[in-house]
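What follows is the residue order along each chain.
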Amino acid sequence: MSIRFNQSCPTCGRRIDIRASLLGCTVACQHCGAEFTASMSDTAQTQESSDELLDRVEAALRRAESAASKSGLTAPTVVSPTGHN
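Parameters and conventions
- Residues numbered from 1 in each chain as written.
- Predicted model: local features only at pLDDT ≥ 70, side-chain atom pairs only at ≥ 80, totals over all residues.
- Heavy atoms only, no water.
- Helix = DSSP H or I, 4+ residues; strand = E, 2+ residues; numbered from the N terminus.
- Expected span 1.5 Å × (residues − 1).
- Buried < 20%, exposed > 50% of the residue type's maximum accessible area, 1.4 Å probe, protein only.
- Arc of directions from axis to C-beta.
- Contact = heavy atoms within 4.5 Å.
- Pairing = 2+ DSSP bridges.
- pLDDT = per-residue confidence, 0-100.
- Patch = residues over 30% accessible without salt bridge, like charges linked within 9 Å, V, L, I, M, F, W, Y side chains within 5 Å.
- Areas by Shrake-Rupley, 256 points an atom, 1.4 Å probe, with all protein chains shown as cover.
- Salt bridge = Lys/Arg side-chain N within 4 Å of Asp/Glu carboxyl O.

Its 21 residues give helix α1 (residues 50–70) an end-to-end C-alpha distance of 30 Å, which sits within 8% of 30 Å, the value for a rise of 1.5 Å per residue. Taken together, the buried positions of α1 are Arg-56, Ala-60 and Ala-68. Along the long axis of α1, the arc covered by the buried residues comes to 115°, so they all point the same way. Exposed positions of α1 whose direction lies more than 90 degrees from the buried face are Asp-51, Arg-62, Ser-69 and Lys-70. Looking at the packing, one finds that the buried side of α1 touches β4 (35–37).

Structural data, given as structure tokens:
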């Protein structure tokens, strides 16, 4: 049995169960696919600028759209909070 800890995904906020052996390594969220560095404390994550966070969210949306098109599904249209796409 391996030692595990929980960390919030910095992109989608869902809690992820991570093996302690992966501390300091880049891991991917099983929910949204975002990659981040595993750390014992959620507050240990470096603060990102809003542009960096938006870039990561857009990359996650592109991955979701690609996966949806490969499976024959139609991805929903995402509208920005300002009402512009």
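Still to come is the rest of the account.
The next thing to look at is the pairing of strand β2 (residues 15–19). Side-chain alternation along β2 places Ile-16 and Ile-18 on a buried face and Arg-15, Asp-17 and Arg-19 on a face that remains uncovered. Sheet analysis places strand β1 (residues 4–8) next to β2, joined by five bridges and oriented antiparallel. Counted as the bridge partner of Gln-7 is Ile-16 from β2. In sequence, β1 turns back onto β2 through a hairpin of six residues, with Gly-13 there showing a positive phi of about 85°.

A few words on the confidence of the model for the protein chain. Fine structural detail should not be taken from predicted coordinates in areas where pLDDT scores are low. In this model, the protein chain carries an average pLDDT of 79, and 75% of its residues clear a pLDDT of 70 or more. Summarising per-element confidence for the protein chain, the mean pLDDT is lowest in α1 (82) and highest in strand β3 (residues 26–28) (93).

On the surface, a nonpolar cluster with roughly 190 Å² of combined accessible area is contributed by Leu-53, Val-57 and Leu-61. Relative to the elements of secondary structure, Val-57 occurs in helix α1.

Moving on, we get to the pattern of salt bridges. In the structure shown here, the tally under the stated rule is one salt bridge. Across the pair Arg-4 and Asp-17 runs a salt bridge whose closest N-O atoms are separated by 3.7 Å. Taken together, the positions of Arg-4 in strand β1 and Asp-17 in strand β2 put the pair 13 residues apart, joining distant regions of the chain. Owing to a relative accessible area of 43%, Arg-4 belongs among the partly exposed residues under this scheme.

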